[in-house]
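# Fold and contact review
The lines below spell out each chain.
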Amino acid sequence: MAASALKVVRSWSGLAPGVTFAVWSIPRQTQVRWSRYSPEFRDPLTDKEHYRKPVAGLTEEEKYEKELKKTQLIKAAPTTTTCSVFADPVISKFTNMMMKGGNKILARSLITQTLEAVKRKQFEKHRTASAEEQAIIERNPYIIFHQALKNCEPVIGLVPILRGGHFYQVPVPLADQRRRFLAMKWMITECREHKHRRILMPEKLSHELLQAFHNQGPVIKRKQEMHKMAEANRALAHYRWW
Amino acid sequence: MAAPCASLGAVVSCRLFLGSRVILARSKGPWGASAAGLQAGAAPQLSRLIRTTVVTTKKNVPASRHEPYTEDFIKKQVEEFNIGKRHLANMMGEDPETFTQEDVDRAITYLFPSGLFEKRARPVMKHPEQIFPRQRAMQWGEDGRPFHFLFYTGKQAYYSLMHDIYGKILQAESRESQLPPKNLLPANTEVIDLIGSRWLIKEELEEMLVEKLSDQDYVQFIRLLEKLLRSACGPGEQELVRRFRRSVAARSQQQQIPPVQHDAQGAPFSIGQGRRKTAQAEAVVTAQGSGRIQVNGEDYLHYFPVLQDREQLMFPFHFLDRLGKHDVTCTVSGGGRSAQAGALRLAMARALCSFISKDEVEWMRQAGWTRSGLRRMRMCPPAWSRIQSSGIGTALSTAQPLPGMQHQLCLL
């Protein structure tokens, strides 16, 4: 037995009823679609601070998890993961959604130029503003990006449900991941479709992001239209069965 | 008239003959031993015949009987195996006393080299316990009465095991209710290594009980054992639980760490190899350096103009806080830009493993740096969607690749 043994103390089940007694080491039957890894492989964790934590500061559960991980098989880290301080999962996701035909270099350069444009615009505003306004103006492009996308996330969505031969748009609560996806999708679609062909993408995108940051602009309007439609169709809410 | 009668008679007699043969054959079946025992006049326990069930998968073929493996037969096979092992040791010029099964396997592959792709078809010399399948002993006596009280459940070994475990749970619960509530820590807590061991898998359990089980049976069994573990466990119960656990080695021990070598000046370095898609890379990492990376003779800044690739090269060092402390000289070939970067990342991570502590090696493994990814190109026709939308009538009559089929990265 390589790992240090754990005592099966009766007080465990008494002390922490919320702690899952993770003796169940049958490989979890997760839905793995088209993966070359078998189901017992776990996802890698690339956060280096997590491993540098001192052993004394860990709770019982964390210690157990740590020992358990030593016996588990781990997948390889993907090529886009990094433990760099500049890496942002939201920006990576947005870059991938912007990408066309696998041209990651172009997508990434567009995003970098967008963030630079946002920063420049904010610095210009900051320079020409009075002292009270200067305290309010946000100049960090990453914060603006995150806040803008958060403002664009819808709270409730519409789903077409077939009933009696007709499709009805039924209001439905959305999962977190779906909301983030919709916000990014709307932003990208808006910037691609409603811009003049001579305007470059970074310029348009930075403009839209700044508008969304202040809860204005076409993307926010689209979100509010979705909310209004959901409100209008609230009589159909009982069509939902989940 | 006579001829048809004769032929009819022949047919009838033939049928009778067949029937009699079948009846005779059947008499050798479950009740056969009892009949034999009655005839022999001996109690069935003295001549315990170990029988297998007859399985016929082909039609129009008479049921091929399995040879009954008597205990004497198995004993003889074991003796022959042991003698054969000693002969083999003599042939190979090794000491017969310390000739293990691995040595036997090696000797057989040496003496009987086989090019067969199917490993199970190659010559093998193993202990008879591994070759002859374990069979259930006779389960009923000469009067036809079964020995075990759970025989009519169909899975007597499984249900009797569940019965025993449940009995132990009830005992443990009654013991717990008798103990005073403040006594949380029992006097002697035995230690079960829950992390370094795993439960038996279904196949292992079936092998142990010599009975076929369903998935639900197996799940119920594991649930019952976990319930036993959760209740107050005495040494007896833990012994029972240990029978159903198998040890699991820590994964970090299975990793191959490249050895540290020394160059002409005595400076230590190590070589790591990595692959990603079709790219192959080799990295020579020196223990002392200033962070220079040379790829195929060029500086890495020129070889990888894209930032993402350079970030990949940087990662193993950044993860271990060793940026700028090692010099790397690498060669890479094949694949595209991203694949080469990934292969180099793997090669450097593996080479770095020789300079770091065991804990850090384990961190690298858990972060996924030391394993090559499995994503590969796959033929994925985009024309599928066109065919499906055009209706059921357009069935695929040809098995050839459709025009416009592209290689796409379809797998995760």
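Because the structure is predicted, anything quoted here is derived from the model rather than measured. (Residues numbered from 1 in each chain as written. Chains lettered and ligands numbered in written order. Predicted model: local features only at pLDDT ≥ 70, side-chain atom pairs only at ≥ 80, totals over all residues. Heavy atoms only, no water.)

## Quick notes on the overall build of chain B
- The secondary structure content of chain B amounts to 14 helices and 11 strands.
- By residue count, 32% of the 412 residues in chain B fall in the buried class.
- Here the analysis covers contacts within chain B between residues at least 6 apart in sequence; of these, 66% occur between residues at least 24 apart.
- Counting every atom, chain B has about 26,400 Å² of accessible surface; 57% of that belongs to carbon and sulfur. (Helix = DSSP H or I, 4+ residues; strand = E, 2+ residues; numbered from the N terminus. Buried < 20%, exposed > 50% of the residue type's maximum accessible area, 1.4 Å probe, protein only. Contact = heavy atoms within 4.5 Å. Areas by Shrake-Rupley, 256 points an atom, 1.4 Å probe, with all protein chains shown as cover.)

## A word on the side chain of A:Thr46
- Along the chain, the position of A:Thr46 falls in the loop between helix H1 (10–15) and helix H2 (48–52).
- Taking relative accessible area as the criterion, A:Thr46 reaches 15% and is therefore assigned buried.
- In this structure, A:Thr46 is in contact with A:Ala77, A:Thr81, A:Cys83, B:Phe319, B:Ala367 and B:Trp369, ignoring residues within four places of it in sequence.

## Describing the environment of B:Phe221
Residue and element names in this part refer to chain B.
- Relative to the elements of secondary structure, Phe 221 occurs in helix H8 (residues 215–230).
- C-alpha of Phe 221 to C-alpha of Ile 165: the two residues are 56 residues apart in sequence and 9.1 Å apart in space.
- Those residues within four positions of Phe 221 in sequence are excluded, and the remaining contacts are Tyr 158, Leu 161, Met 162, Ile 165, Leu 205 and Phe 244.

## Overview of the packing of helix H8 (residues 176–193) of chain A against helix H9 (residues 201–213) of chain A
All names here are of chain A.
- Running from N to C, H8 and H9 point in directions that differ by 130 degrees, and their axes come no closer than 10 Å. Taken together, H8 and H9 sit at an angle that is classed as oblique. H9 is crossed by H8, and the crossing has right-handed handedness. Here Met 187, Ile 188, Glu 190, Cys 191 and Arg 192 of H8 come into contact with H9, specifically with Met 201, Lys 204, Leu 205, Glu 208, Leu 209 and Ala 212.
- For the contact of H8 with H9, the residue count by class is seven nonpolar, no polar and four charged. (Axes fitted to C-alpha atoms, helices over the stretch in contact; angles between N-to-C directions. Parallel < 35°, antiparallel > 145°, perpendicular 65-115°, else oblique. Left-handed = near helix turned anticlockwise from the far one by under 90°. Nonpolar A, V, L, I, M, F, W, Y, C, P; charged D, E, K, R; others polar.)

## A word on the confidence of the model for chain B
All names here are of chain B.
- For chain B, per-residue confidence averages 78 on the pLDDT scale, and residues scoring 70 or more make up 71% of the total.
- Within the model, pLDDT remains below 50 along residues 29–46, and this stretch shows 12 contacts once partners closer than five positions in the same chain are excluded.
- Below a pLDDT of 50 lies the segment residues 389–402, which in the model reaches five contacts outside its immediate sequence neighbourhood of four places, other chains included.
- Reported confidence for the predicted complex is 0.80 by ipTM and 0.67 by pTM. (pLDDT = per-residue confidence, 0-100.)

## Quick word on helix H4 (residues 89–98) of chain A
All names here are of chain A.
- Residues of H4 that are buried: Ile 91, Phe 94, Thr 95 and Met 98. In an axial view of H4, the angular spread of the buried residues amounts to 100 degrees, which keeps them on one side of the axis.
- Against helix H5 (104–127), helix H7 (141–152), H8 and H9 lie the buried residues of H4. (Arc of directions from axis to C-beta.)

## Quick look at the sheet that holds strand E6 (residues 279–286) of chain B
Residue and element names in this part refer to chain B.
- The six strands lie next to each other as E4-E5-E6-E9-E7-E8, forming an open sheet whose pairing is mixed. The outermost strands of the open sheet, each flanked by one partner alone, are strand E4 (261–262) and strand E8 (298–299).
- Strands strand E5 (268–276), E6, strand E7 (293–295) and strand E9 (328–333) of the sheet are contacted by helix H12 (residues 337–352), whose axis makes an angle of about 145 degrees with E5. (Pairing = 2+ DSSP bridges.)

## A closer look at the nonpolar core
- The biggest cluster of nonpolar side chains holds 36 residues, and the ones touching the most others in it are B:Val295, B:Phe319, B:Val328, B:Cys330, B:Leu344, B:Met364 and B:Trp369.
- If you tally residues by element for this core, the top one is H12(B), at nine residues.
- Each residue touching B:Phe319, except ones within four places of it in the same chain, is listed here: A:Thr46, A:Lys48, A:Tyr51, A:Arg52, A:Cys83, B:Trp363, B:Met364, B:Ala367 and B:Trp369.
- Ranked by size, the runner-up nonpolar core spans 32 residues in total, among them A:Met98, A:Ile144, A:Cys191 and A:Leu209. (Core = buried A, V, L, I, M, F, W, Y, C linked by side-chain atoms within 4.5 Å.)

## Concerning the side chain of B:Gln340
All names here are of chain B.
- Relative to the helices and strands, Gln 340 resides in helix H12.
- Side-chain polar atoms of Gln 340 contact the backbone oxygen of Gly 334, separated by 3.0 Å.
- When sequence neighbours within four positions are dropped, the list of residues in contact with Gln 340 reads Ala 279, Tyr 303, Phe 304, Val 332, Ser 333, Gly 334 and Gly 335. (Polar contact = N/O pair within 3.5 Å; in protein donor to acceptor, adjacent residues only side chain to side chain.)

## Considering the pattern of salt bridges
- Scanning all chains against the criterion turns up 23 salt bridges over all chains.
- Salt-bridge contacts for B:Glu97 lead to B:Arg86; the nearest nitrogen and oxygen are separated by 3.0 Å. Separated by 11 residues along the polypeptide, B:Glu97 in the loop between helix H3 (71–92) and helix H4 (101–111) and B:Arg86 in helix H3 bring together distant segments of the chain.
- For B:Glu97, a relative accessible area of 59% gives the class exposed.
- Overall, B:Arg86 belongs to the partly exposed group, its relative accessible area being 41%.
- As a salt-bridge pair, B:Glu239 and B:Arg242 come within 3.9 Å of each other at their nearest N and O atoms. With B:Glu239 and B:Arg242 both in helix H9 (residues 235–243) and three residues apart, this pair spans about one turn of that helix.
- The network of salt bridges with shared partners includes A:Lys48, A:Arg52 and B:Asp321. (Salt bridge = Lys/Arg side-chain N within 4 Å of Asp/Glu carboxyl O.)

## Regarding the packing of H8(B) against H9(B)
Residues and elements named next belong to chain B.
- For the pair H8 and H9, interaxial distance at closest approach is 10 Å and the crossing angle is 150 degrees. On the basis of their axis angle, the class for H8 and H9 is roughly antiparallel. Viewed along their axes, H8 and H9 form a crossing whose handedness is left-handed. Of the residues in H9, those touching H8 at Leu 225, Leu 228 and Leu 229 are Glu 237, Leu 240 and Val 241.
- When the residues that make up the contact of H8 with H9 are grouped by side-chain class, the tally is five nonpolar, no polar and one charged.

## Describing a nonpolar patch on the surface
- The grouping of B:Met91, B:Tyr110, B:Leu111 and B:Phe112 at the surface amounts to a nonpolar patch, some 470 Å² of accessible area in total.
- One can find B:Met91 in helix H3. (Patch = residues over 30% accessible without salt bridge, like charges linked within 9 Å, V, L, I, M, F, W, Y side chains within 5 Å.)

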